[in-house]
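A structural walkthrough
Given next are the chains, with one letter for each unit.
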Amino acid sequence: MFVLLLVLIVVLFGFGFLNPIWWVAAAVLVFGATRYGRGGRGRGGGSDFGEYQDYRDRRERQDRWDRRYSRHHRERWNREDRRDRERRG
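Right, let's walk through the structure included here. On a predicted model such as this, the values are computed, not experimentally measured, just so you know.

Thoughts on the overall build of the chain
Broken down by element type, the chain carries 4 helices and 0 strands. Secondary structure elements of the chain occur, N-terminal to C-terminal, as α-α-α-α. Put simply, the chain has 89 residues, and 10% of those count as buried. Across the chain, the fraction of contacts at a sequence separation of at least 24, relative to all contacts at a separation of at least 6, is 9%. Looking at the chain as shown, the accessible area adds up to about 7900 Å², and 58% of this sits on carbon and sulfur atoms.

Here it is in structure tokens:
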């Protein structure tokens, strides 16, 4: 896909010697490719910022899991289980 885009930009640049409007089209294509493509800032664009956001989201989910099922909560659940067993038995 990237190679096809690069070939298209080169062809449009070449047509620019016939009519300068093709240079504008090539410039717009280059701008769009750098803004939203592989080096863009979009979340799924493969940029470092998007990877950092994915990492941060995973860490936040892991932290929530750790807080929810931490040792403190396990001890409380064990105490409640012991009380329930004592009441039944």
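Next comes the rest of the account.
Focus: the packing of aromatic side chains
Tallied over the full model, the rule gives 4 aromatic pairs. A ring pair is formed by Phe15 and Trp22, whose centres lie 5.8 Å apart and whose planes are at 50 degrees; its orientation type is tilted. Residue Phe15 is classed as partly exposed on the basis of its relative accessible area, which comes to 39%. Using a relative accessible area of 37% as the deciding quantity, one classes Trp22 as partly exposed. An aromatic cluster is present here, built from Phe13, Phe17 and Trp23 joined pairwise through their rings.

Concerning a positive patch on the surface
Side chains of Arg58, Arg61, Arg64, Arg67 and Arg68 sit close together on the surface and give a patch of like positive charge. Looking at where Arg67 falls in the secondary structure, it is placed in helix 3 (residues 48-68).

A few points about the packing of helix 1 (residues 2-15) against helix 2 (residues 21-36)
In the contact formed by helix 1 and helix 2, the axes pass within 7 Å of each other and the chain directions differ by 155 degrees. In terms of orientation, helix 1 and helix 2 fall into the roughly antiparallel class. Handedness of the crossing formed by helix 1 with helix 2: left-handed. For the pair formed by helix 1 and helix 2, the contact residues are Leu5, Leu8, Ile9, Leu12, Phe13 and Phe15 on the first element and Trp22, Trp23, Ala25, Ala26, Leu29, Val30 and Ala33 on the second.

Conventions used here
- Residues numbered from 1 in each chain as written.
- Predicted model: local features only at pLDDT ≥ 70, side-chain atom pairs only at ≥ 80, totals over all residues.
- Heavy atoms only, no water.
- Helix = DSSP H or I, 4+ residues; strand = E, 2+ residues; numbered from the N terminus.
- Buried < 20%, exposed > 50% of the residue type's maximum accessible area, 1.4 Å probe, protein only.
- Contact = heavy atoms within 4.5 Å.
- Areas by Shrake-Rupley, 256 points an atom, 1.4 Å probe, with all protein chains shown as cover.
- Phe/Tyr/Trp six-rings, centres within 6.5 Å; stacked < 30°, edge-to-face > 60°.
- Patch = residues over 30% accessible without salt bridge, like charges linked within 9 Å, V, L, I, M, F, W, Y side chains within 5 Å.
- Salt bridge = Lys/Arg side-chain N within 4 Å of Asp/Glu carboxyl O.
- Lys, Arg positive; Asp, Glu negative; His and termini not counted.
- Charge placed at Lys NZ, Arg CZ, Asp CG, Glu CD.
- Axes fitted to C-alpha atoms, helices over the stretch in contact; angles between N-to-C directions.
- Parallel < 35°, antiparallel > 145°, perpendicular 65-115°, else oblique.
- Left-handed = near helix turned anticlockwise from the far one by under 90°.

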